[in-house]
Amino acid sequence: MIVVKNLEKDYKTGRVVVHALRGLEFEVDGGQFASVVGPSGCGKSTLLYILGGMLKASKGKVTVGGFDVTSAGEAELTTYRREQIGFVFQKFNLISSLNVYDNLKIACDILGRTNGTDDRINSVLEIVGLEHKRKMKPLELSQGEQQRVAIARALVKQPKVLLADEPTGNLDSQNSENIMRSFRQISNTNGQTIVMITHNRALAAATDRIIEMKDGRAVAPGGIEIAAASIEREA
Amino acid sequence: MTLPVANILQKKIRSSICVLAVSLGITLLLVLVGLTKGSINEVAERIENVGGDIIVQQAGATNFFALKSGVLPEKYRGLIEEVQGVEAVSPVVTWTTTFRDNFYVVYGIDPDQFSSIGGGLEIVEGAQLENPGYLVVDSRMAAAVGLAVGDKIELLGSTFEVAGISKEGIGARMFMLMSQLQEMLHQEGRVSLFFVKCESPDVVKTTALAIEANVKGVHVQLLENFADQMASSMSGLKEFIGAITVTTLIVSLLVILLAMYSTIIEKTREIGILKSLGASKAFIMGNIVLESVILTVCGVIMAFVFTFVAVKILGVRYPMLTVEVTPFWIVIGSAMGIVGGVLGALYPAYVAVRQDPVAALSYE
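Chemist: Whenever I open this one, the overall build of chain A confuses me. Can you help?
Modeler: Across its full length, chain A holds eight helices and eleven strands. The C-alpha radius of gyration of chain A comes to 17 Å, within 12% of the 18 Å expected for a compact globule of 235 residues. Seen through its principal axes, chain A has C-alpha atoms that stretch 50 × 40 × 35 Å. Burial statistics for chain A: of 235 residues in total, 54% are counted as buried. Considering only intrachain contacts with a sequence separation of at least 6, the fraction spanning at least 24 residues in chain A is 69%. In the form shown here, chain A has an accessible surface area of approximately 9,900 Å², with 46% of it arising from carbon and sulfur atoms.

Written as structure tokens, this is what we have:
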């Protein structure tokens, strides 16, 4: 599903060049729930943004479901983000002026699928347990609830790949566990591929595999297979 | 539609100021143009309503009769009457005066000759003008300054009694006997202009040319479309109206530009979110432009209310003023506001779609 080959990304600030990714390589199968771990500054978020078509790579190749992300033009990447990718961010990134329902509806509007919008929104709100808070604005919700709305917004598009950047970074342990349960449920029932960035090794242990990064490279190329035996998976 | 409306409602003060500024620009346009056009049209219509087909003045005279008194010999009436196609001629002496701090035009007329042109003054109260020392005022002036039949007023250094009140809309606001006005102005035997009625509408143009050819030193003017002729003869009027129109466009454009630009800066992260959801440039631009269109449409609606109120206030405070807000200028004012708003939103929208999605998402 996701194939990353010799991926490099350089940032230039004046004369200073920062090598964020240095020949990263790994693969994630379709339907897998993978986590990317590593210290701050190792290039995790850069990787996620390249996977999501938000950032251009300096070198290398990334394909997602056969789509070559690294050689695609701006318009193609916009379509790719719209139709194949769902993002979940650490800071939730909900639109504060819109209520829960409208935050999900705008994702459907952008997608251009108007048929069955209400049913789809109700369905994902039920999955994240927020169907009773559909009229509330993001700032009226707890942080855990806001993140669940963000997950619902990503899911309502029915993307092939869910990319989550530190989705539990702003949450307490109870909410983090709830979010992980949601991801696991999505992975098991919808078969969507999930790539989650996290600092929390305990949470990473609950995923199908861990890709450990250091200094812009995967520590163990190809990722580390994890035995599926955690409490979250059983749940 | 949801996002632009939600953004407008979220920033109520910004949105209100924006709507207010756009509406004031349009109100300024509608009231000033309405005042200018209304005043000219009202005067022109009154002159047209005298009923003649042609006005004969001294060569080189302006359309603003009140700016002069007697300059043509009264005996020209006979010469004009002899021209083929002329049915009736009425000489008029015009003069300006102030009464209770307001500016008025006085017509000195011969009531019988004046009536021969188009029916004359329609008296709604009191009596017709017959004797020296009396005058007739029109109903609008009577209502505005509180004059009634029998009231005595000081005018041009003499005392007059109001003999009657005429229906407004014909000629001037005040009428007195021509002979008396000539005497008061020391212009005996002189008149300002002649109203001429032709035998039929078909001969108006040929009769006008014949009058100019037969009576030396005169200039003839057709009363058809007199309002347009007056407006075009006013130096700088078109430029003045054009300047107000462009000012409205620029004010609307700048207000929306500033409001939308500050919104774009504030909403940088939101634009990043939309991009992460796969929103196209057209979707993002469309939402920004739609937000500005909603704001300007609200501004246009508010401008209609402000204009209505302003016209009412002017009518009460200055009853002699005529403000004419026509559908044409309502359309122009609305278009200026909305076009300005859309143009003002284009640059911020362009800035928005060019933003890097990752940088936008990192914006604090």
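Chemist: Whenever I open this one, the nonpolar core confuses me. Can you help?
Modeler: For soluble globular proteins, the rule of thumb is that nonpolar side chains tend to be buried together. Core analysis: the biggest nonpolar cluster contains 134 residues, and A:Phe183, B:Tyr107 and B:Phe195 have the highest contact counts within it. Here the element with the most residues in this core is helix 2 (residues 12-48) of chain B; it accounts for ten residues. Discounting residues that sit within four places of it in the chain, B:Phe195 has contacts with B:Ile47, B:Val50, B:Ile54, B:Ile55, B:Ala88, B:Val89, B:Ser90, B:Val92, B:Tyr107, B:Ile117 and B:Leu223. By size, the runner-up hydrophobic cluster in this structure holds 39 residues, among which are B:Val93, B:Ala142, B:Leu185 and B:Val204.

Chemist: It is not clear to me how the interface of chain B and chain A should be interpreted in this structure. Could you clarify?
Modeler: Many descriptions give the size of an interface as the accessible area lost when the pieces come together. Counting from both sides, the interface comprises 22 residues of chain B and, opposite them, 23 residues of chain A. Of the roughly 2,000 Å² buried at the junction of chain B and chain A (both faces included), carbon and sulfur atoms supply 64%. Note that A:Glu74 and B:Lys281 form a salt bridge whose closest N and O atoms lie 3.8 Å from each other. At the junction of chain B with chain A, the criterion picks out six residue pairs in polar contact (both at pLDDT 80 or more).

Chemist: Help me out: how do you make sense of the environment of B:Ala59 in this one?
Modeler: Residue and element names in this part refer to chain B. Locating Ala59 in the fold gives a position in the loop between strand 1 (54-58) and strand 2 (72-73). Taking the C-alpha atoms as reference points, Ala59 and Leu72, 13 residues apart in sequence, are found 9.8 Å from one another. Sequence-distant contacts of Ala59, defined by excluding residues within four places in its chain, comprise Gly217, Val218 and His219.

Chemist: Teacher, can you tell me more about the packing of helix 1 (residues 2-10) of chain B against helix 2 of chain B here?
Modeler: Two quantities define a packed helix pair, namely the angle between the helix axes and the distance between the axes. Residue and element names in this part refer to chain B. At a minimum axis distance of 5 Å, the contact between helix 1 and helix 2 shows a crossing angle of 95°. As summarised for this structure, helix 1 and helix 2 are arranged roughly perpendicular, according to the angle between their axes. Here Asn7, Ile8, Leu9 and Gln10 of helix 1 come into contact with helix 2, specifically with Lys12, Arg14 and Ser15. Residue classes in the contact of helix 1 with helix 2 are distributed as two nonpolar, three polar and two charged.

Chemist: What exactly am I supposed to notice about the packing of aromatic side chains here?
Modeler: Each aromatic ring pair is specified by the distance between its two centres and by the angle formed by the two planes. Throughout the structure, instances matching the rule amount to nine aromatic pairs over all chains. Residues A:Phe67 and A:Tyr80 carry aromatic rings whose centres are separated by 4.8 Å and whose planes lie at 20° to one another, so their mutual orientation is stacked. Placement of A:Phe67 in strand 5 (residues 67-68) and of A:Tyr80 in helix 2 (residues 74-84) is noted, with a sequence separation of 13 residues between them. Look at B:Tyr107 and B:Phe195: their rings are 6.5 Å apart centre to centre, the planes differ by 45°, and that puts the pair in the tilted class. Taken together, the residues span a long stretch of sequence, with B:Tyr107 in strand 4 (residues 102-109) and B:Phe195 in strand 11 (residues 193-198) at a distance of 88 residues. For B:Phe195, a relative accessible area of 0% corresponds to the buried category.

Chemist: For this particular structure, what's the right way to read the confidence of the model for chain B?
Modeler: As a note on interpretation, predicted positions should not be read in detail where pLDDT is low. Considering every residue of chain B, the mean pLDDT works out to 87; 96% of them sit at 70 or more. The complex prediction reports pTM at 0.76, with the ipTM value standing at 0.88.

Chemist: Would you take a moment to explain the environment of B:Leu72 for this structure?
Modeler: Mapping B:Leu72 onto the fold places it in strand 2. Sequence spacing of B:Leu72 and B:Val218 is 146 residues, and the spatial spacing of their C-alpha atoms is 8.4 Å.

Chemist: Explain helix 6 (residues 173-190) of chain A here, please?
Modeler: In an α-helix, one turn spans 3.6 residues; hence positions three or four apart end up facing the same way. Residues and elements named next belong to chain A. Counted at 1.5 Å a residue, the expected span for helix 6 with its 18 residues is 26 Å, and the 25 Å between its end C-alpha atoms agrees. Here helix 6 has its buried residues at Asn175, Ser176, Ile179, Met180, Ser182, Phe183, Arg184, Ile186 and Ser187. Following helix 6 by one or two positions, Gly191 has its phi on the positive side, about 70°.

Chemist: For this particular structure, what's the right way to read the sheet that holds strand 4 (residues 59-64) of chain A?
Modeler: What links the strands of a sheet is backbone hydrogen bonding, and the strands pair in either a parallel or an antiparallel sense. Residue and element names in this part refer to chain A. The sheet built from four strands is open, its strands ordered 2-1-4-5 with antiparallel pairing. Every other strand in the sheet has two partners, leaving strand 2 (16-28) and strand 5 as the edge strands with one partner each. Note: strand 4 against strand 5, two bridges, orientation antiparallel. Directly across from Val64, in strand 5, lies its bridge partner Phe67. Of the strands in this sheet, strand 1 (2-13), strand 2 and strand 4 are in contact with helix 1 (residues 44-51), which crosses strand 1 at around 115°.

Chemist: Would you mind showing me how to read the side chain of B:Arg46 here?
Modeler: Checked against the element boundaries, B:Arg46 lands in helix 2. Ignoring sequence-local partners within four residues, the contact set of B:Arg46 consists of B:Gly169, B:Ile170, B:Gly171, B:Ala172 and B:Arg173.

Chemist: What is the right way to read the confidence of the model for chain A from this model?
Modeler: On average, residues of chain A score 87 in pLDDT, and 93% of them are at 70 or above. Counted against residues more than four places away or in other chains, residues 225-235 of chain A, with its pLDDT under 50, gives 22 contacts.

Chemist: What exactly am I supposed to notice about unusual backbone geometry here?
Modeler: It is generally the case that most residues other than glycine have a negative phi and that most peptide bonds are trans. All names here are of chain A. Phi at Phe92 takes a positive value of approximately 65°, unusual for a residue other than glycine. Inspection of the secondary structure puts Phe92 in the loop between strand 6 (85-88) and helix 3 (100-111). Using a relative accessible area of 5% as the deciding quantity, one classes Phe92 as buried. Even without being glycine, Asp215 reaches a positive phi, approximately 55°. Looking at the element boundaries, Asp215 is found in the loop between strand 9 (209-214) and strand 10 (217-218).

Chemist: What should I look at first to understand the packing of helix 4 (residues 117-127) of chain A against helix 5 (residues 143-156) of chain A in this one?
Modeler: Residues and elements named next belong to chain A. Interhelical geometry of helix 4 versus helix 5 gives an angle of 140° and a closest axis separation of 9 Å. Comparing their axes, helix 5 and helix 4 come out oblique. Along this stretch, helix 4 crosses helix 5, giving a crossing that reads as right-handed. Across from Arg120, Ile121, Val124 and Leu125 in helix 4, the residues of helix 5 making contact are Ala152, Leu155 and Val156. When grouped by side-chain class, the residues that make up the contact of helix 4 with helix 5 number six nonpolar, no polar and one charged.

Calculation criteria
- Residues numbered from 1 in each chain as written.
- Chains lettered and ligands numbered in written order.
- Predicted model: local features only at pLDDT ≥ 70, side-chain atom pairs only at ≥ 80, totals over all residues.
- Heavy atoms only, no water.
- Helix = DSSP H or I, 4+ residues; strand = E, 2+ residues; numbered from the N terminus.
- Rg over C-alpha atoms; globule rule 2.2 N^0.38 Å.
- Buried < 20%, exposed > 50% of the residue type's maximum accessible area, 1.4 Å probe, protein only.
- Contact = heavy atoms within 4.5 Å.
- Areas by Shrake-Rupley, 256 points an atom, 1.4 Å probe, with all protein chains shown as cover.
- Core = buried A, V, L, I, M, F, W, Y, C linked by side-chain atoms within 4.5 Å.
- Buried area = accessible area lost by both parts, 1.4 Å probe.
- Salt bridge = Lys/Arg side-chain N within 4 Å of Asp/Glu carboxyl O.
- Polar contact = N/O pair within 3.5 Å; in protein donor to acceptor, adjacent residues only side chain to side chain.
- Axes fitted to C-alpha atoms, helices over the stretch in contact; angles between N-to-C directions.
- Parallel < 35°, antiparallel > 145°, perpendicular 65-115°, else oblique.
- Nonpolar A, V, L, I, M, F, W, Y, C, P; charged D, E, K, R; others polar.
- Phe/Tyr/Trp six-rings, centres within 6.5 Å; stacked < 30°, edge-to-face > 60°.
- pLDDT = per-residue confidence, 0-100.
- Expected span 1.5 Å × (residues − 1).
- Pairing = 2+ DSSP bridges.
- Left-handed = near helix turned anticlockwise from the far one by under 90°.

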